[in-house]
Amino acid sequence: MIAVFGGTFDPVHYGHLRPLLEVKQALGLDEVRLMPCFMPPHRDVPGATPKQRLKMLQLAIEEVPGFVIDQRELQRGGPSYMVDTLQSLRDELGKTPICLIMGLDAFLGIESWHQWPRLYELSHIVVAQRPGSKLPQQGAVANLVENARVEDVSMLRQHAAGRVYFQSVTQLDISATAIREQIACGQDVRFLMPDSVRRYIETEDLYKTERVR
Ligand code: ATP
């Protein structure tokens, strides 16, 4: 069973990495594929180039067993729709179970994703959440949870796609936006991300001109 985690990673930080490792361990995943997007459909143009975002990811996960970078969205170019990514993975992997990992915030907004019902036809959805987080009581997301939620990890292995699973993780209130803003203000962003990534940002002079809201 493998998992996919998409993001802009502008830059990657511990708020991405620690929950991912916990999900990997809890689910016994063979592989976590970090999928940097080329052009995020939901937000502004990234501050770093695709090449720089990729390099930061490479620095962040070197020596992390089972974490790999999948560059298909960067290679595809254009808007990075997760549904296209999952379809191409599904074409390659046949009936292997695939888990799409996302934070609770992303899951609550899933109806805005391109062709969102196809996402759970192509993969399971694993929501990394803070223990005791609130879920919606009605609407399409509530219906999806009611119909597709499983409590047992083994159910994810028995099917290739279509189940929703909630995994409690240590949530770290870190965001790439806040990191970019801190750098623009000249603050030290140590301990929010791997040191190798922080040093790369310094060397490349990244995020110095982030617009601060
Ligand atoms: P930005 O602040 O630039 O929007 P971000 O820090 O939210 O960036 P992204 O690369 O856009 O990072 O996020 C990709 C994925 O990472 C999303 O599924 C998002 O829910 C998740 N994520 C981001 N930050 C955290 C965090 N601190 N804890 C858990 N999940 C996170």
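Let us look at the structure shown here. Every value quoted in this text rests on a predicted model; they were computed, and no experiment measured them.

**Comments concerning the overall build of the protein**
Working step 1: For the protein, the helix and strand inventory stands at 10 helices and 6 strands.
Working step 2: Against the 2.2 N^0.38 benchmark of 17 Å for 213 residues, the protein shows a C-alpha radius of gyration of 17 Å, consistent with a compact globule.
Working step 3: Its C-alpha atoms put the protein at 50 × 35 × 30 Å along the principal axes.
Working step 4: Counting contacts in the protein only where the partners sit at least 6 residues apart, residues at least 24 apart contribute 76% of the total.
Working step 5: Of the roughly 10,700 Å² that the protein leaves accessible, carbon and sulfur atoms contribute 48%.
Working step 6: A gap of 1 Å separates the mean positions of the 24 positive and 26 negative side-chain charges of the protein.

**Some remarks on the nonpolar core**
Working step 1: By size, the foremost hydrophobic cluster in this structure holds 38 residues, and its most contacted members are L27, L29 and M56.
Working step 2: The element best represented in this core is helix 2 (residues 50-61), accounting for 5 residues.
Working step 3: Excluding anything up to four places from it in sequence, L29 contacts M1, I2, A3, V23, K24, C99, I101 and R157.
Working step 4: Formed by 25 residues, the second largest nonpolar core is a distinct cluster that contains V4, W116, L122 and L144.

**Focus: the sheet that holds strand 3 (residues 67-69)**
Working step 1: Pairing in this open sheet of 6 strands is parallel, and the strands run 3-2-1-4-5-6 from one edge to the other. Here the strands that pair on one side only, and so sit at the sheet edges, are strand 3 and strand 6 (164-168). Across the sheet, the axes of successive neighbouring strands diverge by a mean angle of 30°, strand direction being ignored.
Working step 2: Both strand 4 (residues 98-103) and strand 5 (residues 124-129) contribute to a ladder of 5 bridges, which runs parallel. Counterpart to G103 in the pairing with strand 5 is A128.
Working step 3: Across the face of the sheet, helix 2 comes into contact with strand 2 (31-36) and strand 3 while running at roughly 165° to strand 3.

**Quick look at the pattern of salt bridges**
Working step 1: Evaluated as defined, the whole model comprises 11 salt bridges.
Working step 2: The partner of R72 in a salt bridge is D70, with the nearest N and O atoms 3.0 Å apart. Exposure class is identical for R72 and D70. Each is buried.
Working step 3: Put simply, E31, R33, D70, R72 and E92 are held in one network by salt bridges that share partners.

**Things to note about the pairing of strand 6**
Working step 1: With respect to burial, strand 6 is a largely interior element, 4 of its 5 residues being buried.
Working step 2: In this sheet, strand 6 lies alongside strand 5 in parallel orientation, the contact comprising 5 bridges. Paired with A128 across the two strands is Q167, which belongs to strand 6.

**Topic: unusual backbone geometry**
Both trends apply: most residues other than glycine have a negative phi, and most peptide bonds are in trans.
Working step 1: Cis geometry marks the peptide bond from D10 to P11, where omega comes out at 5°.
Working step 2: You can see P11 is positioned in the loop between strand 1 (2-7) and helix 1 (14-27).
Working step 3: In this structure, E63 is a non-glycine residue whose phi angle is positive, near 75°.
Working step 4: Within the element layout of this structure, E63 appears in the loop between helix 2 and strand 3.
Working step 5: Positive phi outside glycine occurs at Y207, with the angle close to 65°.
Working step 6: When you line up the elements, Y207 lands in the segment after helix 10 (195-204).
Working step 7: Judged by its relative accessible area of 5%, Y207 falls in the buried class.

Reading the values: rules and limits
- Residues numbered from 1 in each chain as written.
- Predicted model: local features only at pLDDT ≥ 70, side-chain atom pairs only at ≥ 80, totals over all residues.
- Heavy atoms only, no water.
- Helix = DSSP H or I, 4+ residues; strand = E, 2+ residues; numbered from the N terminus.
- Rg over C-alpha atoms; globule rule 2.2 N^0.38 Å.
- Contact = heavy atoms within 4.5 Å.
- Areas by Shrake-Rupley, 256 points an atom, 1.4 Å probe, with all protein chains shown as cover.
- Lys, Arg positive; Asp, Glu negative; His and termini not counted.
- Charge placed at Lys NZ, Arg CZ, Asp CG, Glu CD.
- Core = buried A, V, L, I, M, F, W, Y, C linked by side-chain atoms within 4.5 Å.
- Buried < 20%, exposed > 50% of the residue type's maximum accessible area, 1.4 Å probe, protein only.
- Pairing = 2+ DSSP bridges.
- Axes fitted to C-alpha atoms, helices over the stretch in contact; angles between N-to-C directions.
- Salt bridge = Lys/Arg side-chain N within 4 Å of Asp/Glu carboxyl O.

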